[in-house]
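# Topology and contacts: notes
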There are 2 protein chains.
Amino acid sequence: MLEQVDVDKKMTKEEYDKKMDSLSVKLGELQRKCREQKIPVMVIFDGVDAAGKGTMINRMIQFLDPRGYRVFSTGKANEEERMRPYFWRFFTKTPERGRMHIFDQSWYRGVYEGEISEKDAVEFEKMLIQDGTLIVKFFLLISAKEQKKRLENMEKDEDTRWRVCKQEKENNKNYDACLKRQDTMLVHTDIAECPWVIVEGTNKLYATCKIVSTLVSRMEEALSRTNNKSEELPQQEPAEDCFRNGVLHGIDLSKTMTKEEYQKEKKKLQKKLRSLHNQMYLKRLPVVLAFEGWDAGGKGGAIKRLTQAMDPRGYEVVPTASPNDIEKAHHYLWRFWEKFPKAGHMAIFDRTWYGRVLVERVEGFATEKEWKRAYREINDMEEQITNAGGILLKFWMHIDKDEQERRFHEREQIPEKQWKITEEDWRNRARWDDYEKAVDEMILRTSTENAPWIVVEGNSKYYARIKVLKTVVEALEKKLSEM
Amino acid sequence: MLEQVDVDKKMTKEEYDKKMDSLSVKLGELQRKCREQKIPVMVIFDGVDAAGKGTMINRMIQFLDPRGYRVFSTGKANEEERMRPYFWRFFTKTPERGRMHIFDQSWYRGVYEGEISEKDAVEFEKMLIQDGTLIVKFFLLISAKEQKKRLENMEKDEDTRWRVCKQEKENNKNYDACLKRQDTMLVHTDIAECPWVIVEGTNKLYATCKIVSTLVSRMEEALSRTNNKSEELPQQEPAEDCFRNGVLHGIDLSKTMTKEEYQKEKKKLQKKLRSLHNQMYLKRLPVVLAFEGWDAGGKGGAIKRLTQAMDPRGYEVVPTASPNDIEKAHHYLWRFWEKFPKAGHMAIFDRTWYGRVLVERVEGFATEKEWKRAYREINDMEEQITNAGGILLKFWMHIDKDEQERRFHEREQIPEKQWKITEEDWRNRARWDDYEKAVDEMILRTSTENAPWIVVEGNSKYYARIKVLKTVVEALEKKLSEM
């Protein structure tokens with residue numbers, strides 16, 4: 001893409017002033033409209049060294065209302081970032097709906113440095129775009145000669161000397177080779193939903209003007225799509241009863257265990273877990289445990305038997321309630337990314353991102369398109385966790401309808417358990433069949449080798465708790481022995 | 001405080017089980033009540049090495065609903081934390097109203113290591129307590145002999161060996177001296193609103209029980225205070241017209257500047273600022289610029305002339321709107337702490353924490369007690385920024401009533417400026433005198449040597465912008481020359 005570009009395109013000050021006069025007003029207007037329409041915007045700046053990313057960003061933001069944007073400089077990862085999956089620092093920086101986030105460097109640095117693949121980058125963008133985000137990608141280009149001149153000028157000035165490092169001078173010498181690599185990356189990640197915009201960077205007036213006018217037209221496009229959205233009919237999808245694989249029907253809920261066996265096993269497994277928790281901290285292994293299940297299915301009890309054995313400085317229980325205002329204004333996975341553990345730590349999720357394909361599907365909080373898309377999005381996200389070297393185990397705490405009823409009544413009768421049972425629990429129960437269908441499809445579509453679902457036979461609390469403890473202990477032992 | 005403590009207090013398993021049976025139910029109940037009453041709770045654990053802080057925290061949280069608490073391990077500061085004022089990492093971790101945050105180590109480590117004073121620690125607590133937070137401070141104590149035994153046991157076990165460092169063995173040898181230092185600290189920071197609770201740590205059953213029962217009684221106390229609150233009459237305060245110092249009346253608003261002078265000066269000052277911004281990054285100087293002023297007083301324009309000259313990767317403009325749900329659920333200073341710049345960066349606040357003594361005072365969003373307390377709280381906070389080596393400049397953009405009216409009308413007439421003027425602006429204008437009184441008192445009470453107010457004569461936009469630029473440039477030059 002880059003070879004044919006005439007980097008020296010020019011613009012006079014008069015042309016610039018004339019164009020920018022109307023463009024700048026328009027940009028401000030569009031920013032306000034995007035806010036009203038709740039469109040999140042991400043603008044990323046990449047390019048060759050010394051191409052003027054900082055200058056361009058600064059010129060652009062002078063036309064924006066500071067109440068609506070933020071600039072992120074995402075060059076080198078910091079301590080906290082290095083201890084999490086690669087996309088953590090970008091996912092947590094996605095804008096609230098209606099806001100604009102501007103990135104000086106982006107996940108493409110990760111592609112360039114081999115930390116993620118081109119496909120990862122594109123999948124990340126597609127997911128956000130499908131969620132309504134407008135992403136605009138600029139690549140700033142100058143010639144080898146211009147680059148050399150700029151680096152020399154920067155070195156001459158004592159204020160900017162520190163910005164020129166050895167690597168940059170090196171890159172300048174190998175300009176052609178570097179460019180080729182970048183070109184390949186651009187070609188592979190130039191998708192229809194979000195094409196690269198190459199900005200000829202020699203003349204800063206021209207570059208600024210191209211950036212602002214591109215942004216203006218992309219924002220106009222995004223707004224017109226939003227306005228037409230209501231007219232679009234949801235696509236007709238095939239009936240899904242064929243997906244019904246009856247996972248849950250095959251579960252043997254008669255499995256049980258005596259109190260004595262339970263206590264003996266529990267003691268033994270908790271002792272092991274205590275030791276393994278220390279080892280995972282030392283070996284910097286991140287662990288995510290995800291708990292889903294029927295109401296009163298025993299999630300809380302199972303989690304408690306895990307946490308009893310561990311040091312609270314090395315684990316966190318993350319309960320998932322309905323999203324708050326800020327969470328609602330982001331992609332539905334954002335709040336979970338925020339909570340992913342750093343290396344050496346364990347996060348235990350009491351209910352999870354699977355809410356998208358369970359409660360949100362059944363109650364109609366997510367559209368059919370949205371929840372169908374979610375399987376893929378979730379698999380991608382989980383892959384990132386395990387690719388970063390982490391363990392991810394997902395438990396479905398399973399009980400039958402009778403057992404649930406028994407437990408609901410028990411909760412109603414014991415005073416200190418009454419707060420645990422609400423009208424909502426009874427309402428959910430009434431939709432058991434819909435939920436069962438959703439659970440079936442979820443387990444089918446998101447059981448992967450790296451992040452398996454473990455269906456826990458839960459009618460016997462003793463049996464269930466031991467199965468969870470044992471599964472965690474065995475997974476930790478296996479992984480740690482390989483590290 | 002520590003010398004007289006019988007660290008070996010015991011409790012049998014039967015006594016423990018009996019006591020904890022009712023205590024644990026109560027604790028869960030109180031947690032729910034505190035959530036309903038929106039009382040934020042902070043529980044901090046300090047103590048001698050190997051006294052069992054982790055174990056105690058873990059036992060305590062087994063009785064809590066995970067949807068209501070979080071544990072923070074705040075030993076050594078990380079990269080991000082080291083680049084900000086000391087209390088940043090604690091202020092940003094204060095709980096939302098109704099939630100409980102548990103700290104393994106706290107700001108007392110800062111006291112012990114000489115990073116903050118005992119007074120700083122106490123002032124921080126008092127501020128949160130006045131805002132309705134319940135703080136419970138535990139100090140876990142074991143004898144030198146017991147400590148030695150525990151360290152030896154930890155070293156024997158390969159899982160826990162890594163936890164024992166040289167410092168801890170050293171401290172054990174100098175147990176008496178260490179204890180004396182800690183004792184002094186405890187005595188000096190044992191305030192009526194938040195006394196230290198010494199926990200005899202040898203017997204873990206006894207210790208757990210003491211911790212849980214203390215927590216239960218402190219939560220009960222806090223709840224009874226909240227319930228009685230409505231009956232408390234606000235204290236009668238003396239009239240404040242005596243505070244009226246007429247700062248604003250003395251301002252010469254006729255100061256002006258020609259367009260030519262303005263452009264010449266602006267160019268010169270922006271060039272200097274560009275260079276200084278580089279130097280402050282290199283020397284890791286954090287800078288906070290705070291802008292307040294009448295509506296249409298020229299804040300935005302002045303900020304723009306600053307930002308035009310700087311690299312966007314080194315500054316952030318932070319606009320302050322009315323607080324969102326999450327922000328409302330915290331101390332009013334929390335959201336500003338979140339935004340304080342790290343070393344080498346500049347944060348420019350468009351409206352600030354002074355809203356507490358301006359709009360919140362005038363509109364009655366804060367009670368009289370609350371906004372009167374705020375002067376002291378704000379001075380303390382600002383002192384922390386400047387004590388950490390930062391620059392803090394506060395600008396009041398001043399215009400007179402006629403000039404404001406002229407600008408409002410102008411905004412209404414120019415299409416692309418219409419969004420800038422709302423009904424609210426006219427409403428605020430109607431309360432000009434009340435605001436003037438509030439501004440006068442604010443400037444009087446919060447003008448400190450380290451964080452001065454600069455009243456900017458704003459009727460002439462040219463004059464005002466140059467004054468702001470010049471003030472910033474001179475402050476940076478002065479500070480940087482001393483570094």
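Read on for an overview of the structure. What you see is a predicted model, and the numbers here were worked out from it, not measured in a lab.

Bringing the sheet that holds strand β9 (residues 391–398) of chain B into the picture now. Residues and elements named next belong to chain B. Strand order in the open sheet made by the five strands is β7-β8-β6-β9-β10, with parallel pairing throughout. Two strands in the sheet have a free side with no partner beyond their single neighbour: β7 (315–319) and β10 (453–457). Between one strand and the next, the sheet's axes are offset by a mean angle of 20°, whatever the strand orientation. Across five bridges, the pairing between strand β6 (residues 287–293) and strand β8 (residues 346–350) is parallel. Residue pairing across strands places V288 opposite A347, the latter belonging to β8.

Our next topic: helix α7 (residues 144–156) of chain B. Residue and element names in this part refer to chain B. Taking 1.5 Å per residue, 13 residues should reach 18 Å; α7 reaches 18 Å between its end C-alpha atoms and fits that length. Of all the positions in α7, only E146, Q147, R150 and L151 are classed as buried. Viewed along the axis of α7, the buried residues span an arc of 135°, placing them on a single side of the element. Looking at α7, the residues exposed on the side facing more than 90 degrees away from the buried face are K145 and K156.

A few words now on a nonpolar patch on the surface. On the surface, W162(A), Y281(B) and L282(B) cluster together to form a nonpolar patch covering roughly 260 Å² of accessible area. The residue Y281(B) is located in helix α11 (residues 259–282) in this model. Under the relative-accessibility criterion, Y281(B) is labelled partly exposed at 31%.

Before going further, it helps to spend a moment on the interface of chain B and chain A. Across the contact, 44 residues belong to chain B and 45 residues belong to chain A. When chain B packs against chain A, close to 4,200 Å² is buried across both sides, 52% of that on carbon and sulfur atoms. Remark: the boundary between chain B and chain A carries six salt bridges. Two residues, E316(B) and R70(A), come together in a salt bridge whose shortest N-O distance is 2.6 Å. For the pair chain B and chain A, the number of links is 26 residue pairs in polar contact (both at pLDDT 80 or more). For the side of chain B that touches chain A, the secondary-structure elements that each account for two or more residues are α1 (13–36), α2 (53–61), β2 (69–73), α3 (79–82), α11, α12 (299–307), β7 and α13 (325–328) of chain B. Per-element accounting of the side of chain B that touches chain A gives the leading share, five residues, to α11(B). Considered class by class, the residues forming the side of chain B that touches chain A number 15 nonpolar, twelve polar and 17 charged.

Conventions used here
Residues numbered from 1 in each chain as written. Chains lettered and ligands numbered in written order. Predicted model: local features only at pLDDT ≥ 70, side-chain atom pairs only at ≥ 80, totals over all residues. Heavy atoms only, no water. Pairing = 2+ DSSP bridges. Helix = DSSP H or I, 4+ residues; strand = E, 2+ residues; numbered from the N terminus. Axes fitted to C-alpha atoms, helices over the stretch in contact; angles between N-to-C directions. Expected span 1.5 Å × (residues − 1). Buried < 20%, exposed > 50% of the residue type's maximum accessible area, 1.4 Å probe, protein only. Arc of directions from axis to C-beta. Patch = residues over 30% accessible without salt bridge, like charges linked within 9 Å, V, L, I, M, F, W, Y side chains within 5 Å. Areas by Shrake-Rupley, 256 points an atom, 1.4 Å probe, with all protein chains shown as cover. Salt bridge = Lys/Arg side-chain N within 4 Å of Asp/Glu carboxyl O. Contact = heavy atoms within 4.5 Å. Buried area = accessible area lost by both parts, 1.4 Å probe. Polar contact = N/O pair within 3.5 Å; in protein donor to acceptor, adjacent residues only side chain to side chain. Nonpolar A, V, L, I, M, F, W, Y, C, P; charged D, E, K, R; others polar.

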